[in-house]
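Given next are the chains, with one letter for each unit.
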Amino acid sequence: MSRGTTVGAAGTQPAPAAPRPARADTGSAIGRIAHSPQFRQLVAERTRFGWILTGLMLVVYFGFIGLIAFDKALLAVKVGSTSSLGLVLGVGVILFAFILTGIYVGRANTRYDALSADLKRSLGQ
């Protein structure tokens, strides 16, 4: 069965059209939210911070992958009696992801929640 069709009692029929997203008219509630300076500030700050954290994670992850590809001897260096530097760095990459998640949650619970509350107050909700 191909996309865009449904099988009914009479056979294959075209699938119903997807609902259209609501327009952001300035008179509607969505429009008032979308055009408010507080909402734009919230979106801009959250997007910028998300890209910064994403960039940091990509640098750490691909740095680790680069070490695996180009300097296996370094990663084979023994650390302690049973583990290698590669294992320690691999665990470090995972821990770094958890730390970035914690940083984002902390910022979301403080700064972004405050901006959301300001937005609600400004819209009278």
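As shown above, the structure is provided for reference.
Here's a quick rundown of the structure. Note that this is a predicted model, so its numbers are computed, not measured.

Overview of the packing of aromatic side chains
The geometry of an aromatic ring pair is captured by the separation of the ring centres together with the interplanar angle, meaning the angle of the planes.
No. 1: One pass over the full model with this rule turns up three aromatic pairs.
No. 2: Seen from their ring centres, Phe49 and Tyr104 are 6.3 Å apart, and the 20° between their planes marks the pair as stacked. A residue pair is termed long-range when its members are at least 10 positions apart, and Phe49 in helix α2 (residues 37-70) and Tyr104 in helix α4 (residues 85-122) qualify at 55 residues.
No. 3: Using a relative accessible area of 30% as the deciding quantity, one classes Tyr104 as partly exposed.
No. 4: Relative to Tyr112, the ring of Tyr104 has its centre 6.0 Å away and its plane inclined at 50°; by these criteria the two rings are tilted.
No. 5: Ring pairing ties together the aromatic residues Phe49, Tyr104 and Tyr112, which thus form one cluster.
No. 6: In this arrangement the basic side chain of Arg107 is found over the ring face of Phe49, its NZ or CZ atom lying 4.2 Å from the centre.

How each quantity is defined
Residues numbered from 1 in each chain as written. Predicted model: local features only at pLDDT ≥ 70, side-chain atom pairs only at ≥ 80, totals over all residues. Heavy atoms only, no water. Phe/Tyr/Trp six-rings, centres within 6.5 Å; stacked < 30°, edge-to-face > 60°. Helix = DSSP H or I, 4+ residues; strand = E, 2+ residues; numbered from the N terminus. Buried < 20%, exposed > 50% of the residue type's maximum accessible area, 1.4 Å probe, protein only. Lys NZ or Arg CZ within 6 Å of the ring centre and 35° of its normal.

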